[in-house]
Amino acid sequence: MIKRQFAAYMLGNEIARKFWTRNPRPGLRILAYHRVLDDEESSFPFDQEVISATTDGFFRQMKFVRDNFDVISFRDLAICEERQCPWPKRGLIITFDDGYRDNYTNAFPILKELGLTATIFLTAGHIGARELFWWDLVAYCIKHSARASITVPQIKSEPMLLTSGDARNAVIRDVLRWLKVISESCKRTFVSHLAELTGISPPNHEAEPMHLNWTEVSEMATSGFEFGSHTLTHPILTKVSEEQLVAEVGQAKTMIEQRLKQEIIAFSYPVGRFNDRVQTEVSDQGFQYAVSYQDNAAYQTSFDRYQLPRIHVERQHSLSEFRSALLFPALMSRSGWRQAGRLRNL
């Protein structure tokens, strides 16, 4: 980690930026965000891992983007293809997954102030709804449980302790990691028994909804924001039945298009997981592009439209790390560091 931070400092400084300005590295950068919030992680009642940036951090990041890149949309990519013209040399797409309301209350004003737009991938069944996302429900119940431990034998045979904040966060990570690899039906069964397991019922969010509503979505669309699909209920698509796959991809697309009165062309795989079956369904439903969590830039001469890589932004990233990831994505990507490690071990 220290070596990566040092590399970020060297590659993200002003000298490196000026060098890049004269000799920009090719490739389309696609940024992946979830939430923009200023809440303290230690007291945050839900899953803090989806907080991508603070409002101040996001403003600084977007200012760097505005000054050094040309922000475009997936529709702009489609136009380039139709006209058989090259992508913008400094093209960049800003994306958000899920459809949290802070995309509207916190990120939207900053982007408008800087003259930027973004693409928001909506979990359509949660827009305007009060039901928590399953990962937030898991985090909430475990963080608020009065019990000293819980037992989930499918994960560990012994009780998992809830005796400190760090211990609770570790249990949350273990449970969420397990839920991402089991079948969708097993995941839903487990989530439905969370209240019994933890002694905590889901919170009532009548006063402070967590998700966007369709009025807010329409306002952002009118301002030039692009919307894509992130399924209907955010299942792991590699773990659902064929019938569920068709419904999650197709019904979400129909719902969003009917609400916005426009075609949507981009899709984001929940937690970035897909296989050939999922890609085929996304293509068959009429999407032109789909994004993953493969960490790199996309290159027009060799890109796969149904597994476009994205640069994942996390709250703990320094501005230098953010800058270096954009200026030199191949060097700063997780795959780039794994390759460097293999070379050192040869």
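Each remark here, short or long, concerns the structure printed above.
Before going further, it helps to examine the overall build of the protein. When you go through the protein residue by residue, the secondary structure sums to 15 helices and 12 strands. Looking at the 346 residues of the protein, the share that counts as buried comes to 51%. Taking all contacts inside the protein whose residues are at least 6 apart in sequence as the whole, residues at least 24 apart take part in 70%.

Looking at the secondary structure, you find A297 in the loop between β11 (289-291) and β12 (311-312). Counting along the chain gives 11 residues from A297 to L308, while the straight-line C-alpha distance between them is 8.2 Å. A297 has contacts with G27, L28, P309 and P329, leaving out every residue within four places of it along the chain.

Attention now moves to the packing of aromatic side chains. Under the defined criterion, the tally for this structure stands at 19 aromatic pairs. For the ring pair Y104 and F108, a centre distance of 5.7 Å and an interplane angle of 25 degrees mean the geometry is stacked. You can see Y104 and its partner F108 sitting in helix α5 (residues 102-113), 4 residues apart, about one turn around the helix. By the burial criterion, Y104 is buried, and F108 matches it. Each ring, one from Y269 and one from F274, has its centre 4.5 Å from the other, and the planes form 25 degrees; the classification is stacked. Site record: aromatic cluster; members linked through ring pairs are Y100, F133, W134 and W135. Taking NZ or CZ as reference, R35 lies 4.0 Å from the ring centre of Y100, over its face. Sitting above the plane of the F287 ring, K253 keeps its charged end 5.4 Å from the centroid.

With that settled, consider the nonpolar core. Side chains that are nonpolar tend, in soluble globular proteins, to be buried together. L31, Y33, F58, M62 and F96 are the most contacted members of the largest nonpolar core, which has 55 residues in total. Beyond its immediate sequence surroundings of up to four residues, M62 is in contact with L31, Y33, I94, L111, L114, L116 and F322. Core analysis: the next-biggest nonpolar cluster, separate from the first, contains 33 residues, V138, I142, L162 and F190 among them.

Right, let's get into the state of the cysteines. Summed over the entire model, instances satisfying the criterion amount to 0 disulfides. Cysteine C85 shares no disulfide, and the gap to the nearest cysteine sulfur, in C80, comes to 3.7 Å. Take C85: its relative accessible area is 27%, and that puts it in the partly exposed class.

This paragraph deals with the pattern of salt bridges. For the structure shown, the criterion picks out 15 salt bridges. Ionic pairing is found between E81 and R305, a salt bridge with its closest N-O pair at 2.5 Å. Residue E81 is found in helix α4 (residues 74-83), and its partner R305 is found in the loop between β11 and β12; the two are separated by 224 residues along the sequence. Looking at E81, the relative accessible area reads 29%, which means it is partly exposed. Judged by relative accessible area, which is 26%, R305 ranks as partly exposed. Note that K156 is salt-bridged to D174, the shortest N-O span being 3.6 Å. Linking K156 in the loop between β7 (149-150) and β8 (160-161) with D174 in helix α7 (residues 165-179), this pair joins segments that are 18 residues apart in sequence. Taken together, the salt bridges that share partners define one network made up of E184, K187, R188 and E248.

What counts, and at which threshold
- Throughout this description, residue numbers start from 1 for each chain and increase along the sequence as written.
- The predicted nature of this model means local features are confined to residues of pLDDT at least 70 and side-chain atom pairs, given and counted, to a pLDDT of 80 or more, with totals for whole chains, interfaces and linings taken over all residues.
- Water and hydrogen atoms were dropped before computing side-chain values, which therefore reflect all heavy atoms in the structure.
- Under the scheme used here, helices are H or I runs from DSSP no shorter than 4 residues and strands are E runs no shorter than 2 residues, and both carry numbers assigned from the N terminus.
- The buried label applies to any residue whose accessible area, calculated with a 1.4 Å probe on protein chains only, is under 20% of its type's maximum; exposed applies above 50%, and partly exposed to all values in between.
- In what follows, a contact means two residues having at least one pair of non-hydrogen atoms within 4.5 Å.
- Pairs were defined over the aromatic rings of Phe, Tyr and Trp, the Trp ring being its six-membered one, requiring ring centres within 6.5 Å. Orientation was assigned from the angle between planes: stacked under 30 degrees, edge-to-face over 60, tilted for the rest.
- Sitting over a ring, as applied to charges here, requires NZ of Lys or CZ of Arg to be within 6 Å of the ring centre and within 35 degrees of the ring normal.
- Residue types Ala, Val, Leu, Ile, Met, Phe, Trp, Tyr and Cys, when buried and joined through side-chain atoms within 4.5 Å, form a set referred to as a nonpolar core.
- Any two cysteine sulfur atoms lying within 2.5 Å of each other are counted as a disulfide.
- The term salt bridge refers to a pairing of a side-chain nitrogen on Lys or Arg with a carboxyl oxygen on Asp or Glu at a separation within 4 Å.

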